Amino acid sequence: MYIRIIPIGNIPRKILEALSTELSEILNSRVKILDSVKVPHDAYNHWRKQYDAKKIIQNLSELSQTKFIDKSMPLLYVIDEDIYFSGLNFIFGLEDPIQGACIISITRLRNEFYDLKPNLSILIERSVKEAIHELGHFMGLEHCSHPFCVMCFSPSVGDIDRKQKDFCRDCKYKLSLKGYKIE
Ligand SMILES: [Zn+2]
Ligand SMILES: [Zn+2]
């Protein structure tokens, strides 16, 4: 795969670089960090005080005219705003198969969101796991019942911390059947 990471607004460089390194290694992919884009304010829901993740992806994909589906070239948006998807209070990330893009929000991955001491390495670990999880969906994987697999559904940061940043053997096998070479 060739993954393009697009920061939305201001994202710490260390997080982007860690994502780049880890994604290229774990997903056996080429990764490029593109220039940051502005937060699309029309995706903001004033009533919820959150951004609509699907709208963000749609707006940005239209702007960058990257609207073509190529199963080997996902976009990964990284934002530091609280995001939601209809029917859910919040989400850590989302994959949009129509736009060929994924988004993760680091806002709720931060310790300080839960009134805990900020910790960059924990934030990086969580961001990497969420990015790999969403890209796993992009590659066609569903949620996995193995508790340590990165494709395990994680509704809280505690759940994210418990799992690994890698796919279990079953998920790796499924990826190989889909033509992805993940070691
Ligand atoms: Zn998921
Ligand atoms: Zn799995």
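See the structure printed just above.
What you see is a predicted model, and the numbers here were worked out from it, not measured in a lab. (Residues numbered from 1 in each chain as written. Chains lettered and ligands numbered in written order. Predicted model: local features only at pLDDT ≥ 70, side-chain atom pairs only at ≥ 80, totals over all residues.)

**Details of the overall build of the chain**
A tally of helices and strands in the chain yields 5 helices and 8 strands. Starting at the N terminus, the α and β elements of the chain follow one another as β-α-β-β-β-α-β-β-β-β-α-α-α. Whereas a compact globule of 183 residues would reach a radius of gyration of roughly 16 Å, the chain reaches 15 Å, a difference of no more than 12%. Taken along the three principal axes of its C-alpha coordinates, the chain extends 45 × 40 × 30 Å. Relative to its full complement of 183 residues, the chain shows a buried share of 41%. For the chain, the share of sequence-separated contacts (at least 6 apart) that also reach a separation of at least 24 residues comes to 61%. (Helix = DSSP H or I, 4+ residues; strand = E, 2+ residues; numbered from the N terminus. Rg over C-alpha atoms; globule rule 2.2 N^0.38 Å. Buried ≥ 20, exposed ≤ 12 C-beta atoms within 10 Å, placed from the backbone. Contact = placed C-beta atoms within 7 Å.)

**Brief notes about the sheet that holds strand β6 (residues 83-84)**
The strand order across the open sheet built from 3 strands is β3-β4-β6, with neighbouring strands paired in mixed fashion. Of all strands in the sheet, those with a lone pairing partner are β3 (44-45) and β6, marking the two edges. Sheet topology note: the β3/strand β4 (residues 50-52) ladder contains 2 bridges and is antiparallel. Each bridged residue has a counterpart across the sheet, and for Y44 the counterpart in β4 is Y51. (Pairing = 2+ DSSP bridges.)

**Topic: the sheet that holds strand β8 (residues 101-105)**
Across the sheet, which stays open at both edges, the 5 strands sit in the order β2-β1-β5-β8-β7 with mixed pairing between neighbours. In this open sheet, the two strands that pair with only one neighbour each are β2 (30-33) and β7 (93-96). Neighbour-to-neighbour, the strand axes of the sheet open up by a mean angle of 20°, direction not taken into account. Sheet topology places β7 next to β8; 4 bridges connect them, and they run antiparallel. Of the residues in β8, the one forming a bridge with L94 is I103. Along the sheet, helix α1 (residues 13-26) makes contact with β1 (2-8), β2 and β5 (75-79), crossing β2 at roughly 165°. (Axes fitted to C-alpha atoms, helices over the stretch in contact; angles between N-to-C directions.)

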